[in-house]
Amino acid sequence: MGGSKKINEICQLLKDELFDNGYMYGFYLNDRCVIPNMSLGFDEKFANLLASEYRIQEPTVSRREKVATCLDAVLIMKEILLEQAVESKIWMIFIKEKRKVHSVLTFEIDGKIVYLELTPQSGKSNYGKEILFDRIEEFVSYWEQQGYIVRDITDECTVGTNPTFFIDLLK
């Protein structure tokens, strides 16, 4: 989608870490990686562990083990952006009827809001593509038009905690 030289440089830093770089979707628990087994469809055991045992990981753990949920991946991105003095926001997007929850990140450079999908679920339609918006409201509208509810969860993402902030949304 292109952008300024600065946007391209920052996006490349993020891609260097996360884009097709061997990350698996899952989390690290009790000295082992917990990865869903999707060979038979939905992995209920994984989902139960995610809901009960998962804690937001330190980005260093996610990077070392190459395992991350979407939330952990955006925390890696946030850490890289902070090193570059670039502000970012973490968003929860969800469709209640489908019980579909996802975390994404936006950041602002050169007056543009940048959304770059780099979670370890490379099947996402926007995977590896930066999408530029003039205002944060346009980003929110982009998801709302697809049926999602969008919520800024930046201040609710604390390493070591169970991200229970979305449970009420799914009821």
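The structure we're discussing is the one just above.
Reading guide: rules and limits
- Residues numbered from 1 in each chain as written.
- Predicted model: local features only at pLDDT ≥ 70, side-chain atom pairs only at ≥ 80, totals over all residues.
- Heavy atoms only, no water.
- Pairing = 2+ DSSP bridges.
- Helix = DSSP H or I, 4+ residues; strand = E, 2+ residues; numbered from the N terminus.
- Axes fitted to C-alpha atoms, helices over the stretch in contact; angles between N-to-C directions.
- Buried < 20%, exposed > 50% of the residue type's maximum accessible area, 1.4 Å probe, protein only.

**Observations concerning the sheet that holds strand β7 (residues 112-116)**
- Ordered in space as β8-β7-β6-β5-β9, the 5 strands form an open sheet in which the pairing is antiparallel. The sheet terminates laterally at β8 (130-133) and β9 (149-152), the two strands that pair on one side only. Strand after strand, the sheet turns through a mean of 30° between neighbouring axes, direction not considered.
- As paired strands, strand β6 (residues 100-109) and β7 are joined by 4 bridges and run antiparallel to one another. Paired with I109 across the strands is K112, a residue of β7.

**Section: unusual backbone geometry**
- Look at N30: it is not a glycine, yet its phi comes out positive at around 50°.
- By secondary structure assignment, the location of N30 is in the loop between β2 (27-29) and β3 (32-34).
- Using a relative accessible area of 65% as the deciding quantity, one classes N30 as exposed.
- You will see that D110, though not glycine, has its phi angle at about 50°, which is positive.
- Along the polypeptide, D110 turns up in the loop between β6 and β7.

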